[in-house]
Amino acid sequence: MRILGDGQMEPDAATESRRFSRTSMPGPLQGDGQDVTTILHLVHHLIHDEEDDEEGKDRPSQPMQNVGEQGHMALLGHSLAAYISVLDRERLRKLTTRILSDTTLWLCRIFRYENGSAYFHEDDRDGLVKVCRLAINARYEEYTTEGYAVLSSKQPMIYQSASCRPGLGQHLCSQLGLPLSSLCTVPCNTIFGSQHQMDVALLDKLIKEDIDAGKLPLLLIANAGTPGAGHTDKLSRLKELCDQHSIWLHVEGVNLATLALAQVTSAVMAATRSDSMTLTPGRWLGLPAVTAVSLYRHEDPALSLAAGLTSSQPVEKLRALPLWLSLQYLGHNGIVQKIKHAAALSQHLLLKLKSVACVRTSVEDEQNSPVVLFKFSQELCAGSSGGSVDGFCAGEKEVLDTFNRWLAEELAHLVPCSGVDVVEHEDEGDWVRFSPLLTAAVLGTQQEDVDELVQKLLELVPMMSSTMSLRQDFREETHRRAPFLTYIEELSCPGLGAVRYESQAEGIDESRREQELKKINKALLTKLQELDTDIFFSSGPEFVTEENCIFVGMVADDVDVSELVDTISTLGRDIEESGRLLENMTERVRKGILEAELQLQKANEEKLMEEGMLRQLPLVGSVLNWFSPVGSSIKGRTFNLAAGSLDSTDVTYSTKVQAGRTSLQDTPTLSSKRVSGRKLFRRPGVGSDSMSETSSIGPADETSREECTSVSTNLLPSMIQPDELDHAARRPPNIQGTPEQSSGCQTKRTSPPL
C-alpha cells in the first residue's frame, strides 16, 4: 500500500516497469512468471504515470481520495476476505456469522434502527431491489410457487418522489421484470411546504385511485435528503399513510447520516420507523471500497432468504469484513466526530454566505442543514447597486444558469478540497451544491477550505455582476459596427458575449466565403489572445451551435466595452485587408514583371535607334565606343506592391530615398492610448487599476512611444504562408540594372519581405 500510495520506487524497478508495461500491456501473457515486487511496481506505473496519456493532458486533474489509516483497514479487509475464504467450512461459518452479527448490531445502534437486519451490497440500488422483492413475496402469498403469473391479477404499484435519484424507479422495474406502468412518480409540493418534498395529499389521492382501479400499492420510496437539495420528505405522515394501506416504506438519502449525532431533527428521526433504509457509510466516513448497507425489518427469515437479503453461503457474508474492520478502527466516537465535522462545515459556510452580496442560498433548515445550495443572482446585485437587467428578459434564466455553472466549475478548480458541484432544478435553475457529508471525509475538507471557498467567491461574484451588467452594452456596441461585426446569441457560454467578424468580400461563392470567414476569425482570435489584457478570448466549447465565433469571457466593471468592440472591429478589418493584399500580390507581381519586360524591351529598341547599327557590331562597336562614348539611356524600374504600380528609379538615385516610402507614423495603427502599467480596455479612474494623474503620466518622449502601438504592421506577416510566396518571389532574368534594380521589386517598409 505504501508503494502504490506514496509514489516511491527504485529507478531500476521504475525503468523495468515502464518497459514491461509498454511492450506487454496489452498483449499476451508472459511466459515466465513475475515476482511480487515487479508486479506491484507495474501497478504503480499504471496508476501514477501519465506521461504517455495524450488524452489526459488537457483534462483537469481530479482530487484524489484522502486514504488514511481507516482507509487502509478497509482495503485490508478485501485481502483478509480472500484469505478467510480458504478456511475449513466450520471455522468459516463461525467467523462470518460473528462478522455479520457484529456489523449489523453496530450499524443498527449507531443509526438508531432497532431490531433490524442488514444486507451488504456493492451497488447502492441493489438493496432497494431486494427489499422490493421481499415486499412482493410478503404481499403475494402464491408468488413463490406461481411466480409472475400472480401479478396479473393485481398489478403492483411503486411510488417515488419527483426529487428522487434519476433512473432509480426505472432500474427497479428493470431488475424485477415489472412494466413501467407499475411506477408512479409523485409530484412535489407546489404551494405549501418545500418544493423538494413529496406532496402527501396528492400521494393519498393517487393511492386511492390505484386501489379503485384494482391495483396493489406495494412500495413507497421516500427521501431523507434529496439528491439535489438535501430536503427530507414528511416521513411521519408518509409512514402513517403507508400503515393505512399496508405499503412498504423505504427511505434513503444523505441526511440519514445525522442519525448518529446526539441531536437529530424530528423529520430525520422519523426514518427510524421505516420498513427499510439504505446507508452509504463508505462515502460518509471516507472509506474506500466499502459496501452500502440496507437495514430492514421483517419477521419471516424464509421470505428474506427467498428475496436474496440473506444467504446460506458463508463467503457472501464476508462482504461486511472491510466495514467490520473500519468501524472497529474508528470507534463510535470517531464515527460521530466525522459526521459532526461535516455538518459543522455546512453551518460554517451558510453563516459566511449571509454576508456575500449577490448570492442566494437555499437550505431546508438554517439551524441544521447538511446540504447548502447557493447561486449567483443578478436581481440581488441590481437591488443593492441600483443596476438594471432589463436587457435580459429573453433568455435571462439560461444566462444565469450558464453563469452559475461557470461559478461551480471555477470554485471546484480553485478550491478542489471543497467538493462543490452543480445541480440542476427544473423550476429554480442551476445551483452550486456543497454537501460535505458526501465529500468532506473523502477529500479531507477542513474549515480553512470553506474560508478559502468564500474568499474565491468574493473575487468571482463582482466580476460576474459586472459582466452581466455590460452584456447589453456589448450587444449594442456590436450592432453599431455592423456589417463588420455580428452579435451571436449564444446563451450556453458564460461571459460578455459572442461576436463574429463578417467578411466584406463580394463576388465569391458561399463555400469560399465560409473559408474566408473561418480564416479571418481564427487569425482575429489569435491577435486578441496576444493582447495585454485580463479578458479571456476563446472559440467557445465544442457543443456550441454557432461556428467561427469569438467568445469574450468575464470582465471587470472598469472595462471600456466601446473600446473593446472597436478593437475587435479594427483588428478584423486589418486582417481582412492584409489577406486581400496577399491574394492580389501574386497577380500584381506577375503583371508588374510583364510590364517591366515590355518597358525594358522598348528601351532597348530606342537605344538601338539612337546608337545606330555600327555600334552593335562586336569589333566596330567597341572601337566607336572607345573614341566616342555614349551614355546609357535605359532607366531602372521599381515595383510598388502596395500600389501595384511600376515606377522609375530616377527619384531613388537623385534623392537617395526609396520612392513611395511611408513612415511608421503614417501607417494605420491601433492606438491604445493607455497608461503604462494598465491593462488594455480599462477606463481610467474606475476600478482598482485606476491611477493618479501624477503617477500615470511620464516624460513626453516616453508617452509618445506608449501611445502609438502599431498592430497593422504585424498583421500581414502572420497571414503569409511560405507556399503563397513562391510564385511572388520569382524575378525575370532579363531585367537589368544595378543590384537594387535587379531585386525584382521595391516595396514599402510596411510591405512584407519577399
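The structure presented is a predicted model; accordingly, all values stated were derived computationally and were not measured.

Q: Go over the overall build of the protein with me, naming the residues and quoting the values.
A: Within the protein, the regular secondary structure consists of 25 helices and 17 strands. Within the protein, the proportion of its 754 residues that are buried is 45%. Relative to all contacts within the protein whose residues are 6 or more apart in sequence, the contacts with residues 24 or more apart total 71%. Roughly 39700 Å² of accessible area belongs to the protein as shown, and the carbon and sulfur atoms make up 51% of that amount.

Q: Before we move on, can you summarise a nonpolar patch on the surface with the specific residues and values?
A: Taken together, the side chains of Leu617, Leu619, Val620 and Val623 present a nonpolar region at the surface, about 350 Å² in accessible area. By secondary structure assignment, the location of Leu619 is in helix α21 (residues 618-627). Residue Leu619 is classed as exposed on the basis of its relative accessible area of 67%.

Q: Can you explain the sheet that holds strand β15 (residues 550-552)? Please cite residues and give values.
A: Strands sit in the order β12-β13-β15-β14 across an open sheet of four strands; the sheet is antiparallel. Looking at the sheet topology across the chains shown, the edges are occupied by β12 (485-488) and β14 (537-538). Two strands pair when backbone bridges link them, and β14 and β15 are joined in this way by two bridges, in the antiparallel orientation. Residue Ser538 lies in a different strand from β15, and its bridge partner there is Phe551. Relative to the sheet, helix α18 (residues 447-480) contacts β12, β13 (497-501) and β15, its axis offset from that of β12 by approximately 145 degrees. Strand contacts of helix α19 (residues 510-530): β13, β14 and β15, with the helix running at about 125 degrees to β13, the strand carrying the most contacts.

Q: Go over the packing of aromatic side chains with me, naming the residues and quoting the values.
A: Scanning the model with the defined rule gives five aromatic pairs in all. Taking the centre distance of 6.1 Å and the plane angle of 65 degrees together, the rings of Phe474 and Tyr487 count as edge-to-face. Taken together, the residues Phe474 in helix α18 and Tyr487 in strand β12 connect sequence positions 13 residues apart. By relative accessible area, which is 0% here, Phe474 ends up buried. Consider the rings of Phe484 and Tyr501, whose centres lie 6.4 Å apart with planes at 25 degrees: the pair is stacked. Placement of the pair is Phe484 in the loop between α18 and β12 and Tyr501 in strand β13, with a sequence separation of 17 residues. The cationic tip of Arg297 hangs over the ring face of Tyr113; the distance from NZ or CZ to the ring centre is 3.8 Å. Across from the ring centre of Trp431, 4.8 Å away, lies the NZ or CZ of Lys375, which sits over that ring.

Q: Describe in detail the sheet that holds strand β3 (residues 183-186), supporting the description with residues and values.
A: On the basis of which strands lie adjacent, the open sheet formed by seven strands has the order β1-β7-β6-β5-β4-β2-β3 and mixed pairing. For this open sheet the edge positions go to β1 (117-121) and β3, each flanked by a neighbour on one side alone. Shown here is a sheet whose adjacent strand axes are inclined to one another by a mean of 20 degrees, direction ignored. Strand direction decides the pairing type here: strand β6 (residues 276-279) and strand β7 (residues 292-296), joined by four bridges, are antiparallel. Bridge pairing in β7 places Ser276 opposite Tyr296.

Q: Outline the confidence of the model for the protein, listing residues and values.
A: Across the protein, pLDDT averages 79, with 74% of residues at or above 70. Within the model, the stretch residues 383-394 combines pLDDT values under 50 with eleven contacts to residues more than four positions away or in other chains. Counting interchain partners and residues more than four positions distant, the pLDDT-below-50 stretch residues 688-754 has 103 contacts.

Q: I'd love a proper account of a negative patch on the surface, names of residues and values included.
A: Judged by side-chain charge, Asp509, Glu510, Glu514 and Glu547 come together as a negatively charged surface patch. In this structure, Glu514 sits in helix α19.

Rules used in this analysis
Residues numbered from 1 in each chain as written. Predicted model: local features only at pLDDT ≥ 70, side-chain atom pairs only at ≥ 80, totals over all residues. Heavy atoms only, no water. Helix = DSSP H or I, 4+ residues; strand = E, 2+ residues; numbered from the N terminus. Buried < 20%, exposed > 50% of the residue type's maximum accessible area, 1.4 Å probe, protein only. Contact = heavy atoms within 4.5 Å. Areas by Shrake-Rupley, 256 points an atom, 1.4 Å probe, with all protein chains shown as cover. Patch = residues over 30% accessible without salt bridge, like charges linked within 9 Å, V, L, I, M, F, W, Y side chains within 5 Å. Salt bridge = Lys/Arg side-chain N within 4 Å of Asp/Glu carboxyl O. Pairing = 2+ DSSP bridges. Axes fitted to C-alpha atoms, helices over the stretch in contact; angles between N-to-C directions. Phe/Tyr/Trp six-rings, centres within 6.5 Å; stacked < 30°, edge-to-face > 60°. Lys NZ or Arg CZ within 6 Å of the ring centre and 35° of its normal. pLDDT = per-residue confidence, 0-100. Lys, Arg positive; Asp, Glu negative; His and termini not counted. Charge placed at Lys NZ, Arg CZ, Asp CG, Glu CD.

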